[in-house]
Amino acid sequence: MTQENVSVEFVFGKKHPSLKSELNLFWKQVGKSYNQEMTEHKNLTAVSNQTNITINPNTVTSLKREPAAIARDEKGCIIGIVFVTLTKVEIDSDNSEYVYFQRMFTLSQKRQFRISNQLYSAFIIHFKKAINERDPRADYLMAENANPGLRRPSMRRYFFRHGFRMLGTNYLGYEIWRIKLETKEQNIDATRISPRKDE
């Protein structure tokens, strides 16, 4: 059986009117299916242990959602997408932090590990490098794993290999993972303290 050739494009921070129109059409076609899946994930997740809740919904404010990477089939049609949302998380009444939350969606008929891995691996590699495009306030990329399949031991190892560490669960029972991001300020500070070659 011949494998379908899939291409992946990192689009985070890019402003292309044609891409915006294409993504609007994509979500118009699959938005209902996406929302149904998220509802199913919520219903399938048994919230039996809430002793390690890390994020309460009342403390989270979504600021900006944008596409980060897209996968296309051989005809150039979008079959999968990773998008990120810049989010403000209130730690307490005086402190807050900014993070990116990620979410990935692929068409059900194209949902194979090979395609999902190709899309996600490309996303994570390029997103970590996109220091100039990311909001400098965001120190972490967060994964809220709603799909029960992502909570299998093999998928936990997959996230761990990509550098994520699990924090716990949120109020819905979804596992929360995060990975540290290098920021502009950290990059500048590292340059300042690095010894010169002639020293």
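All of these numbers come straight from a predicted model, not from anything done at the bench.

Quick look at the pairing of strand S2 (residues 60–72) now. A regular strand carries its side chains on alternate faces of the sheet. Across four bridges, strand S1 (residues 7–10) lies against S2 in antiparallel orientation. By the bridge assignment for S2, Ser 7 is matched with Arg 72. With 11 bridges connecting them, S2 and strand S3 (residues 78–90) associate as antiparallel partners. Its bridge partner being in S3, Ala 69 is matched across the sheet by Val 82. Where S2 folds back onto S3 in an antiparallel hairpin, the turn is made up of five residues, including Gly 76, whose phi is positive at roughly 90°.

Looking now at the layout of surface pockets. Quantified by volume, the largest pocket comes out at close to 640 Å³. Looking at the largest pocket, it is lined by 26 residues, and the ones nearest its centre are Met 104, Ser 116, Asn 147, Leu 150 and Met 155. Of all elements in the fold, only helix H1 (17–44), strand S4 (96–106), helix H2 (113–129), strand S5 (138–145) and helix H3 (153–161) reach the threshold of two or more residues within the lining of the largest pocket. Considering each element in turn, the lining of the largest pocket owes the most residues, five residues, to S4. Considered class by class, the residues forming the lining of the largest pocket number 12 nonpolar, nine polar and five charged.

Moving on: H3. Residues of H3 that are buried: Met 155, Tyr 158 and Phe 159. All buried residues of H3 lie within an arc of 95° about the axis, which places them on one face of the element. In H3, the exposed positions angled more than 90 degrees off the buried face are occupied by Pro 153 and Arg 161. Where H3 is buried, its residues contact S4, H2, S5 and strand S7 (175–180).

Cut-offs and rules
Residues numbered from 1 in each chain as written. Predicted model: local features only at pLDDT ≥ 70, side-chain atom pairs only at ≥ 80, totals over all residues. Heavy atoms only, no water. Pairing = 2+ DSSP bridges. Helix = DSSP H or I, 4+ residues; strand = E, 2+ residues; numbered from the N terminus. 1 Å grid on protein atoms, 1.4 Å probe; cavity = no way out; pocket = protein on both sides within 12 Å on 5 of 7 lines; lining within 4 Å. Points joined across faces, edges and corners; volume = space filled by probe spheres on them. Nonpolar A, V, L, I, M, F, W, Y, C, P; charged D, E, K, R; others polar. Buried < 20%, exposed > 50% of the residue type's maximum accessible area, 1.4 Å probe, protein only. Arc of directions from axis to C-beta. Contact = heavy atoms within 4.5 Å.

Purely geometric numbers; function is a separate question.
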